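Structural description and commentary
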Amino acid sequence: MVAVSRVKENVKTPAEKAPEPNMGDEVIPKDRYLSKEFMQLEWDRMWSKVWLDGCREEEIPEVGDYITTEIGNESILIVRGEDMKCRAFYNVCNHRGNQVKFDKCGNAKTLQCAYHYWEYALDGTLMNIPDEEDFPQGCPRDKLSLKEVRSDTWGGFVWFNLDPNCGPLEEFLGIIPEHLDAYHFENMKMVMNTTIEWDCNWKVSVDAFNESYHVQAIHPELTYMLDDVDIQIDLYEKHNRYLIGFQTYSPRIDEPDEVPEAIAEPMRAIGMNPDDYDGKVAEIRRDMQIFKRQNQDKLGRDYSELNDDQLTDDYHYYIFPNLTLNTHSDSMMMFRQRPHESDPDKMYWDLQMFQILPEGTDMPLPDHEQYGHGEKSVGLVLDQDSVNVPHIQKGMKSVGFEGLWISTQERRIRHMHKTLMDYINGEYANDA
Ligand code: FES
Ligand SMILES: [Fe+2]
């Protein structure tokens, strides 16, 4: 068995353990996952008050590029204006309520509603109204232009907040930019963009990726590529993380004699020879960190802002309420959990992958795909995660189940609930 050694000195991302808040050990009420009343409370007090990821800046690079994104009952239209600024609007025409754009994305010189051709400029200003003189009440532009939603950018993402009185994005993100700027998400390219409709509450999905307790049960293969036990968990004000060592093996198993394929493959990809490590698997994680550091020029990378652990490990962040980031030195896999518009038993699971591509690589954005649970494979490990989710939602409804019985290693789930209940109880209501 090998314990994961952890870098203590900071390069940029703080690596030290955060103080542990006392969150108690009560059962977490299952109603939060099941009831329509709680779902409505979440909308009124949380979803409509928090900063949310709307799209990537790279998805709307040119003037007139737009994208629509759904959160609950709302469709939000994000548009690149003449001034290159990204703006977010409620995707609704102020004439008779048609949606201004029906499609997922496109490019337009102006935003014209398809019903009676009311036409809005890219900054939302109402420009043209056919037969305008036919409205005896007039058509005041300040009332009838597209309703803008607060928006901002960080990390190559466009964020929006439905609360006109919200505080700045930076304040909401808190520790996140300080922790994650070193990865330069803005330089990563989106290489996968898929939405899967899952038959579970959005929080079932958040929970599924916020603990490593389930690895020994449903992902036995992962015990041959990461340490699911000796992980550092840090709970901050709203967000949290765990640091999980990759290119190693779980203390739940004996040291493998041969290098497991899941460890060997990333070694070969950077020019290391796994055959040199048969019988010495415990040495790989550290040697790989040294190798990547020494060969960064050959690899076409600059790791100077990352600490050694970050060259192998997953710095796994949860940005409240709905982003799960598996952060690696050259890539990031993100899950975005979006609630269903009306049914607490359903959600949208957005799976997006990002990579630093070699300089000069000109790759088109991936097409967005959307499909139902289980219709297609998303790879062995994520398929394993997906199997349980509808059964968790069903199981929770049973009178035989009282609520979530949370262990210490699952405390990011308790922390998410603490932040959620702070919103529900109005703790952040006066943020402005
Ligand atoms: S609803 Fe948009 S122009 Fe009539
Ligand atoms: Fe999992």
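The structure contained in this document is the topic of the report that follows. Keep in mind that this is a model prediction, so the values were computed, not measured.

**Quick look at the overall build of the chain**
- Assigned secondary structure in the chain consists of eleven helices and 20 strands.
- C-alpha atoms of the chain, sized along the principal axes, occupy 85 × 60 × 40 Å.
- Look at the contacts in the chain between residues 6 or more apart in sequence, and 64% of them connect residues 24 or more apart.
- Counting 44 positive and 80 negative side-chain charges, the chain places the centres of these two groups 3 Å from one another.

**Here's the deal with the coordination of the iron ion (ligand 2)**
- Here the iron ion (ligand 2) is held by His214 (NE2), His219 (NE2), Asp385 (OD) and Asp385 (OD), and the distances to it run 2.0 to 2.8 Å.
- Each of the four donor atoms bound to the iron ion (ligand 2) contributes to angles spanning 51 to 153 degrees, and the resulting shape is irregular.
- Overall, the relative accessible area of 7% leaves Asp385 in the buried class.

**Focus: the sheet that holds strand β8 (residues 119-120)**
- One open sheet holds the three strands; their spatial order is β7-β8-β9, and the pairing between them is antiparallel. With one partner strand each, in any of the chains shown, β7 (111-112) and β9 (126-128) form the two edges of the open sheet.
- The sheet contact formed by β7 and β8 spans two bridges and is antiparallel. The residue bridging Gln112 from the neighbouring strand is Glu119, located in β8.

**Here we look at the packing of aromatic side chains**
- Considering all chains together, one arrives at 14 aromatic pairs under this definition.
- A centroid spacing of 4.5 Å and a plane angle of 45 degrees characterise the contact between Tyr423 and Tyr428, whose relative ring orientation is tilted. Like Tyr428, Tyr423 is buried.
- Aromatic ring contacts, followed pair by pair, group Trp154, Phe157, Trp159, Tyr183, Phe185 and Phe354 into a single cluster.

**Some words on the environment of Asp31**
- Tracing the backbone through its elements, the reader meets Asp31 in helix α1 (residues 31-34).
- A relative accessible area of 47% places Asp31 in the partly exposed class.
- Here the alpha-carbon distance between Asp31 and Arg411, two residues 380 residues apart in the chain, equals 19 Å.

**Concerning the layout of surface pockets**
- Here the second largest pocket is characterised by a volume of approximately 500 Å³.
- Forming the walls of the second largest pocket are 22 residues, and the residues nearest its centre are Asp207, Ala208, Glu211, Ile392 and Glu410.
- Counting residues per element, the lining of the second largest pocket draws most heavily on helix α10 (residues 380-396), at six residues.
- A class-by-class count of the residues in the lining of the second largest pocket yields 14 nonpolar, four polar and four charged.

**Comments concerning the nonpolar core**
- Core analysis: the largest hydrophobic core is formed by 77 residues, its most contacted members being Trp159, Phe185, Leu325 and Trp349.
- By residue number, the principal contributor to this core is helix α11 (residues 411-424), which donates six residues.

**Some words on α10**
- Relative to the 24 Å expected for 17 residues at 1.5 Å per residue, α10 spans 25 Å between its end C-alpha atoms, a close match to the ideal helical length.
- Among all positions in α10, only Leu382, Gln384, Asp385, Ser386, Val389, Pro390, Gln393 and Met396 are buried.

**Points about a negative patch on the surface**
- The grouping of Asp254, Glu255, Asp257, Glu258, Asp275, Asp276, Asp278 and Glu283 at the surface amounts to a negative patch.
- Topologically, Glu283 is positioned in the loop between α8 (261-270) and α9 (284-294).

**Concerning the environment of Ile413**
- Mapped onto the elements of the fold, Ile413 is located in helix α11.
- For Ile413 and Ser35, which are 378 residues apart along the polypeptide, the C-alpha to C-alpha distance reads 19 Å.
- Among all residues touching Ile413, those that are not within four sequence positions of it are Ile28, Tyr33, Asp207, Asn210, Glu211, Leu404 and Ile406.

Definitions and cut-offs
- Each chain has its residues counted from 1, following the order in which its sequence is written.
- Ligands are numbered from 1 and chains lettered from A, in the order in which they are written.
- Confidence filtering applies because this is a predicted model: local features only for residues at pLDDT of at least 70, side-chain atom pairs given and counted only at 80 or more, and all residues used for totals across whole chains, interfaces and linings.
- Hydrogens and water are ignored here; the side-chain numbers use all heavy atoms of the structure.
- Strands are runs of DSSP state E lasting at least two residues, helices are runs of H or I lasting at least four, and both sets are numbered from the N terminus onward.
- Should any heavy atoms of two residues lie within 4.5 Å, those residues are counted as being in contact.
- When charges are counted, Lys and Arg are positive and Asp and Glu negative, with His and the chain ends excluded.
- To locate a charge, take atom NZ for lysine, CZ for arginine, CG for aspartate or CD for glutamate.
- Counted as donors are N, O and S atoms no farther than 2.8 Å from the metal, or 3.2 Å for Na, K and Ca; water is not among the atoms, and sites may therefore look incomplete.
- When four donors show all angles between 85 and 135 degrees the site is tetrahedral, when four or six donors have opposite pairs over 155 degrees and all other angles between 65 and 115 it is square planar or octahedral respectively, and in every other case it is irregular.
- Residue burial is assigned from relative accessible area. The probe radius is 1.4 Å, only protein chains are included, and a residue is buried under 20% of its type maximum, exposed over 50%, and partly exposed in between.
- Note on pairing: DSSP must find at least two bridges between two strands before they are called paired.
- Aromatic rings from Phe, Tyr and Trp, with only the six-membered ring used for Trp, were paired whenever their centres fell within 6.5 Å, and each pair was classed as stacked if the ring planes differed by under 30 degrees, edge-to-face if by over 60, and tilted otherwise.
- Any residue with an atom within 4 Å of a point lines the site, the site being either a cavity, points on a 1 Å grid over the protein atoms alone where a 1.4 Å probe fits but cannot get out, or a pocket, an open set with protein on both sides within 12 Å along at least 5 of 7 lines.
- Grid points are joined across faces, edges and corners, and a volume is the space filled by probe spheres set on the points.
- Gly is put with the polar residues, along with every residue not named as nonpolar or charged; the nonpolar set is Ala, Val, Leu, Ile, Met, Phe, Trp, Tyr, Cys and Pro, and the charged set is Asp, Glu, Lys and Arg.
- Among the buried residues, those of types Ala, Val, Leu, Ile, Met, Phe, Trp, Tyr and Cys that are joined through side-chain atoms within 4.5 Å form a nonpolar core.
- In this scheme, a helix's expected span is set at 1.5 Å multiplied by one less than its residue total.
- Exposure above 30% relative accessible area and the lack of any salt bridge qualify a residue for a patch; like charges then connect within 9 Å, and the nonpolar side chains Val, Leu, Ile, Met, Phe, Trp and Tyr within 5 Å.
- Surface accessibility in these figures is a Shrake-Rupley result with a 1.4 Å probe; residues are shielded only by whichever protein chains are displayed.
- By definition, a salt bridge exists where a carboxyl oxygen of Asp or Glu is found within 4 Å of a side-chain nitrogen of Lys or Arg.

Honestly, it's all geometry; don't read function into it.
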